[in-house]
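One letter stands for each residue in the lines below.
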Amino acid sequence: MTDRLAQSKRISSRLSALNVLAFIGVVIVPSGYFAGLISIETVNMLGRYMAFAIMALGLDLIWGYTGILSLCQAFFFSLGGYAMGMYLAHHGGPEGIIDATGWKLPACLYVVYPYKVGEAPGDALVPWFWKPFYTLPATVLLALLIPGGAALLIGYFGFRSRVRGVYFAILTQAITVASWLVFCMNNMKLCGTNGLTRFDKIAGFQLTHNSVKLGLYGTTLAALIGSYFLCRYIVNSRLGRVLVAIRDDESTLRFCGYHAYRYKLFAFTIAGMLAGLGGMLYAPQMGIFTPANMEASVSIMVVVWVAVGGRGTLSGAIVGALATNLLYNFFTSQHDFILFTWKAEYWQFLLGGLFIGVVLVFPNGLVGLVPTLRERFAKT
Amino acid sequence: MSRQGFYRRLYPLLQRPGGSLLVKQGKNMSDEYEEIVGKIHAVPRERIWSAAALRWRLFFCALSVLMAMEAAWGQAETDAIIEAELLKLSSEDTDARQSALMVLAETGDPRVEYLLEAFRIESLFVWNGKVVVCEEFIEDDDFNEFAPLTDPLSGQPILENGKPLVVSVDDLKEISPSRSERRFAQNAKFLIRLSSTDADARLSGAKKCGDPPGIPASTELLRSMADDDPDVRVRRAAIESLELINLFTAIAADDEEATISAADALGQMGSLRAFDRVSELLANESALPEDEQSAEAKKIFQRSVWAIERYQSRISKVGNLFRGISLGSVLILMALGLAITFGLMGVINMAHGELMMIGAYTTFEIQRIVGHTPDAPQNWYFFVALPSAFLASALVGMLIEVLVVRHLYRRPLESLLATWGVGLILIQAVRVRYGDNIGVNAPEWARGSWEVVRDLNFPYSRLFIIGLCAACVAATYLLMRGTSLGLQMRATMQNRDMAAGLGINTSRVDRYTFAFGSGLAGVAGCAWTLVGGVTPDMGQTNFIVDAFLVVVTGGVGELIGVVFSGLGIGMLTKVLEPMEIASFPIGAVWSKVLLLIAIVIFIQFRPSGLFAQKGRLSDD
């Protein structure tokens, strides 16, 4: 247990791996794109995966460092995504109508509006909760504050009554499922299972333009680097020490006079806001945002990303999210290997194996693999 | 001969001395019943015996003789009649057609239903001097229309040299029914159902006959059914329909006295089907000018409306209670296995839903092996499937324990990830093997429902699940409390090291405990096939979150907690669902959300569930 503390101190030695990643992200990918070696689709895809990595950083903070397994990270991600999606839908495709108060009913909402337009004229209005997302600055602010507020609320009720470990995981999963059901309902005026679509412009720029896609990639990269430094600052501070102490022995910490639940609440809220940030950056790059991003399985996937990369290390969260998603990208299409043909339907077997393997075989994840191997070689 | 003709001939024999007792105006079922009972008590014992027994003996004798005869030559004779009358349908003479329809309907042959429906929707044609059915024309590439022909009696395509017979449309002569004939055919369909041997068909027929505007031609038959039908649901529906027909004919004939008495009778029955018409009558009566109103009629209509409302609200309360118990027992079944693997052993078994899925697929596999189909039912297969599902899931569970879970007893949070991975692999394996959707046909005894009183139905499948749930809880309790294996299980779960020190082979006990919990999941999956769909990912989408919620609410470590929380959650859901908040109906989704909020609030006060463990263990 004690050497876990030491492990988190050893971050500086691993910074080299991150340096390589950052170098790839900042220099190689853009220059590869300009040289024509990397297509804009790949850049876009990497941008999306980095948005996932931001969400994974948040989970690492709450799970890897504080030891609280949260299964509603994807819910916070979706709140951020929906906020940005609503902004994009406001400025989206040309369809839709102008309602009685002069607001344009967004195309994707118009399609699944619970009432036929003209049938109940008073009802075919832009709902009040769509209106704050009309301007970009307000949207960005809300996309951080809403997930943060939701996390604060869930965390307050959860931690105050000392719901711990497994129970907290199940509680958060149940909350995710419930809100997924709500977001899927057509008469919630959140576009039902269709999700938010028909995106067109962000801040006046066409989303389909390559330069805009590159710009979004750059923004996501900057956000990821910023989030990383924020998290690093948190875990290296005294507060970070308390978080690790909560993970390792909460009861003793409480007996020492710390209000553990305040620290947990803080970490949980930051994690929620990071997920919201990820979702906000994901929506314009994906071009659609549906409730499928909120399904219970997605939250568990986030946990696996962190576990694959190495929990309790910030670089692990980033490495894990990128590596697992690149694996997913490769193995969900058909490949002819020398001896057999890989089919897309085998991916779930591989994924299941990854879940089991990361727990049983390499519990320290990819990042932990290097020192483990090094030790083993040193012994022999 | 057919059943209807049989009824007709038997009717004088079967008729009670008091005439059509059950359809007297203004009497409800229970009064009738008491009256009959009173009459039976009034006569000497020997006469009861002779009256009741003789009648039934006669009935069965006649029935068996008739059935034997029908097997020998009845079929051929009916066929001949139908075919002769069929041709008359094509005649230009309205009277001939009318009489043909009458005769066809009176044969009461179930095959005539298809025929009459074809007649009604104008797919009956004459071809080559024969009457045939063509449901839809087909076109070739040059837009020439052709007609594939179907036999009007069997409903099967007519074959020629082993291929379906297709003829040119020009060779067909249309038979076009008039409006009144179409209505007659429609009504005749229901009349035929009345004499079906299938109780459900008779029931739907009896109900249809009473739908507005009612089929007065059916009264005689309905009356005999009200007396003699072996199925109580059909008797009830027949009595209700008779009164409805009385009401409709009385309204049509402007007969106020008959209207009032029919409305009164329906009110006393609490008939939902009469509600609209009776409240309309009340509204009409109240809308009349003061001096034309009849105080008597208004009073009775009002009384009837209130009686129906009162009865229906009582019924719906009992129905909701039953649905709550039923949902609760489904939840208990789902959560019982989890209460062992998660509650007792502390493994966050995310593959629990997949173990249920395996139980469901085992049921499917058994059904396939046995060859149970709706056409050739093998109703016993389900009792083979139940233990098989238990064994299959237990085996898979044991495998999971040996390969994965065994290493994770001290790392519960990580068992969540590993078992989720196991679940993914199981889902995909089943999907590769069986595809995305399969159909399990419930055995016949699990279809249909028990009508306790009028309009209150308890589906047999739900009743079975309630019973199964009680049996599983009892079996689990007995195993845990009454056997040495149970004792060893409890000892190991409470203090692994101490149990090992006392000579218990803890790893073996772990294996069996996990397998038992998994087996219970299999039983739940098997039971689920009676009420829900079966897909590879049914565990993840339907069960796992609910099952965990039930266990967490109930409190970990005590099986009794699962029973209480399962029933509580089930009841609460079904109580919330039909309610409205500020005229906004709650519905299924919001009731789930509200329930969740309720659980979160509940956990504020009882962080470790309803039945918390006490002492040092609870801190883990």
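It should be emphasised that the depicted structure is a prediction, and the values quoted were computed from it without experimental measurement.

A. How the structure looks around the overall build of chain A. The secondary structure content of chain A amounts to 15 helices and four strands. At 22 Å, chain A has a C-alpha radius of gyration in line with the 21 Å of a compact globule built from 380 residues. By its C-alpha atoms, chain A is 75 × 55 × 35 Å across when sized along the principal axes. The proportion of buried residues among the 380 residues of chain A is 46%.

B. Spatial organisation of the environment of Ala283(A). Residues and elements named next belong to chain A. Along the chain, the position of Ala 283 falls in helix α11 (residues 260-286). With 31 C-beta atoms packed within 10 Å, Ala 283 lands in the buried category. C-alpha of Ala 283 to C-alpha of Glu 375: the two residues are 92 residues apart in sequence and 43 Å apart in space.

C. Looking closely at the sheet that holds strand β2 (residues 130-133) of chain B. Residues and elements named next belong to chain B. A sheet is described by the order of its strands in space; here three strands give the open sequence β2-β1-β8, paired in antiparallel fashion. Edge positions in the sheet fall to β2 and β8 (173-174), since each has one partner strand and no second. Where strand β1 (residues 124-127) lies against β8, two bridges are found, and the strand directions are antiparallel. Paired with Val 126 across the bridge in β8 is Lys 173.

D. Examining the packing of helix α4 (residues 73-90) of chain A against α11(A) more closely. Residue and element names in this part refer to chain A. Contact geometry of α4 with α11 gives a least axis separation of 6 Å together with a crossing angle of 40 degrees. Judged by the angle between their axes, α4 and α11 are oblique. Between α4 and α11 lies a crossing whose hand is right-handed. Contacts from Gln 73, Phe 76, Phe 77, Ser 78, Leu 79, Gly 80, Gly 81, Ala 83, Met 84, Gly 85 and Leu 88 of α4 reach α11 at Ala 271, Gly 272, Ala 275, Gly 276, Leu 277, Gly 278, Gly 279, Met 280, Tyr 282, Ala 283 and Pro 284. When grouped by side-chain class, the residues that make up the contact of α4 with α11 number 13 nonpolar, nine polar and no charged.

What counts, and where the lines are drawn
Residues numbered from 1 in each chain as written. Chains lettered and ligands numbered in written order. Predicted model: local features only at pLDDT ≥ 70, side-chain atom pairs only at ≥ 80, totals over all residues. Helix = DSSP H or I, 4+ residues; strand = E, 2+ residues; numbered from the N terminus. Rg over C-alpha atoms; globule rule 2.2 N^0.38 Å. Buried ≥ 20, exposed ≤ 12 C-beta atoms within 10 Å, placed from the backbone. Pairing = 2+ DSSP bridges. Axes fitted to C-alpha atoms, helices over the stretch in contact; angles between N-to-C directions. Parallel < 35°, antiparallel > 145°, perpendicular 65-115°, else oblique. Left-handed = near helix turned anticlockwise from the far one by under 90°. Contact = placed C-beta atoms within 7 Å. Nonpolar A, V, L, I, M, F, W, Y, C, P; charged D, E, K, R; others polar.

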